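Residues per chain, in single letters:
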Amino acid sequence: MKPEDIPDEEVDRRYRQLDEEAETGGYHLNPDTAFTRSLVRGLIVNERRYGYMGCPCRLNTGNKEKDLDIICPCDYRDPDLADFDACYCALYVTEPILTGQKELRPLPERRPPPEERAHLQRPAPARLSLPLPVLRCRVCGYLCARTEPPEICPICRATKERFERFIE
Amino acid sequence: MTVEHVDGDDRGDVLLYALSTCQWCRKTKELLIELGVAFDYIYVDLLEGSELETVFEEVKTYNPRVSFPTLVINGRSIAGFQEEAIREALGN
Ligand code: SF4
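Residues numbered from 1 in each chain as written. Chains lettered and ligands numbered in written order. Predicted model: local features only at pLDDT ≥ 70, side-chain atom pairs only at ≥ 80, totals over all residues. Heavy atoms only, no water.

1. Some words on the interface of chain B and chain A
Contacts between the two partners involve 20 residues from chain B, matched on the other side by 29 residues from chain A. Carbon and sulfur atoms make up 64% of the surface buried where chain B meets chain A, a total of about 1900 Å² over both sides. Area buried by chain B at its contact with chain A is led by Thr-21, Trp-24 and Arg-65 of chain B, which between them contribute 39% of it. Between chain B and chain A we count two salt bridges in total. Arg-49 of chain A is the salt-bridge partner of Asp-45 of chain B, the closest N and O atoms lying 2.9 Å from each other. Considering every element that reaches the side of chain B that touches chain A, the biggest residue donor is helix 1 (residues 23-35) of chain B, with four residues. Taken together, the residues of the side of chain B that touches chain A sort by class into 11 nonpolar, four polar and five charged. (Contact = heavy atoms within 4.5 Å. Buried area = accessible area lost by both parts, 1.4 Å probe. Salt bridge = Lys/Arg side-chain N within 4 Å of Asp/Glu carboxyl O. Helix = DSSP H or I, 4+ residues; strand = E, 2+ residues; numbered from the N terminus. Nonpolar A, V, L, I, M, F, W, Y, C, P; charged D, E, K, R; others polar.)

Now the structure itself:
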């Protein structure tokens, strides 16, 4: 499965969908449409190859558990938006880049090297003996007090396996 | 090994480890073409099995984060699309 195998109409459809979802959640896609379309194409390729939308700018293993932190939107998007005005791939950008007040520049990789990843996966929750545990979306930080996470994060649309127990 | 070659001026060993889906990788490749240098590139995401493992370990020796693009110019590695550093390393 290569990028050129994906039909243009499918890329357009997914582009529009991602753009709509981004804007609804307060995020923005990169206004350089040619660049962004190529990334969307890459996301579709990875979805076909691995069965999940792995980051197009990172090497996916095909093991969902191992790649959970780099399923788009990745765990690193929001900190990178805060520090560099773009996600690592530059699929998502901040308002100043969208409006041309700031210039997009390539950013360093924030994801830890392979041997440091395992222990970062699930930090132990803080204990407060609350009546319900507080769950946190690892992608956008959305918090909710309930026993099970929502199927899809209402803010960033990450799936339920991206939630961690934050306080219990 | 699935190494592709692009013809151009000989500036020594220039090898680009890239992903076929990554746009910073594409920009890096385009810059090398624009600069007219001869180089090799490998799309690491298209490799499988032992070939993938070998190349993964190879990239790791240059760039412990194993991020892409990783460009190796005469033994010196540049992680990411760092246009100025690339031009400088190639003497442009
Ligand atoms: S949000 Fe993360 S996974 Fe998605 S394109 Fe950007 S860097 Fe890649």
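2. A look at the sheet that holds strand 5 (residues 163-167) of chain A
Residue and element names in this part refer to chain A. Pairing in this open sheet of three strands is antiparallel, and the strands run 4-3-5 from one edge to the other. Two strands lie at the open edges of the sheet, namely strand 4 (143-145) and strand 5, each paired on one side alone. Pairs of neighbouring strands in the sheet enclose a mean axial angle of 35°, with direction left out of account. Summarising the sheet, strand 3 (residues 134-137) and strand 4 pair through three bridges and their orientation is antiparallel. (Pairing = 2+ DSSP bridges. Axes fitted to C-alpha atoms, helices over the stretch in contact; angles between N-to-C directions.)

3. Digging into the environment of Leu-71 of chain B
All names here are of chain B. Looking at where Leu-71 falls in the secondary structure, it is placed in strand 4 (residues 70-73). Look at Leu-71 and you get buried, because its relative accessible area is 1%. Linking Leu-71 and Cys-25, residues 46 residues apart in sequence, is a C-alpha distance of 9.4 Å. In this view, Leu-71 contacts Val-14, Leu-15, Leu-16, Thr-28, Leu-32, Arg-76, Ser-77, Ile-78 and Ile-86; residues no more than four positions away in its chain are not counted. (Buried < 20%, exposed > 50% of the residue type's maximum accessible area, 1.4 Å probe, protein only.)

4. Thoughts on the domain arrangement of chain A
Residues and elements named next belong to chain A. With domains assigned, chain A is organised as domain 1 (3-117) and domain 2 (134-167). Once you take the C-alpha centre of each, domain 1 and domain 2 turn out to be 20 Å apart. Here domain 1 packs against domain 2, burying approximately 850 Å² in sum over the two surfaces, 44% of which is carbon and sulfur. For domain 1, the biggest contributors to the area lost against domain 2 are Leu-68, Pro-73 and Asp-75; these three give 48% of the whole. At the junction of domain 1 with domain 2, the criterion picks out four salt bridges. Between Arg-138 and Asp-75 there is a salt bridge, with the nearest N and O atoms lying 3.1 Å from each other. Our count for the contact surface shared by domain 1 and domain 2 stands at seven residue pairs in polar contact (both at pLDDT 80 or more). Here the residues of the side of domain 1 that touches domain 2 sort into five nonpolar, one polar and six charged. (Domains from an automatic or database assignment. Polar contact = N/O pair within 3.5 Å; in protein donor to acceptor, adjacent residues only side chain to side chain.)

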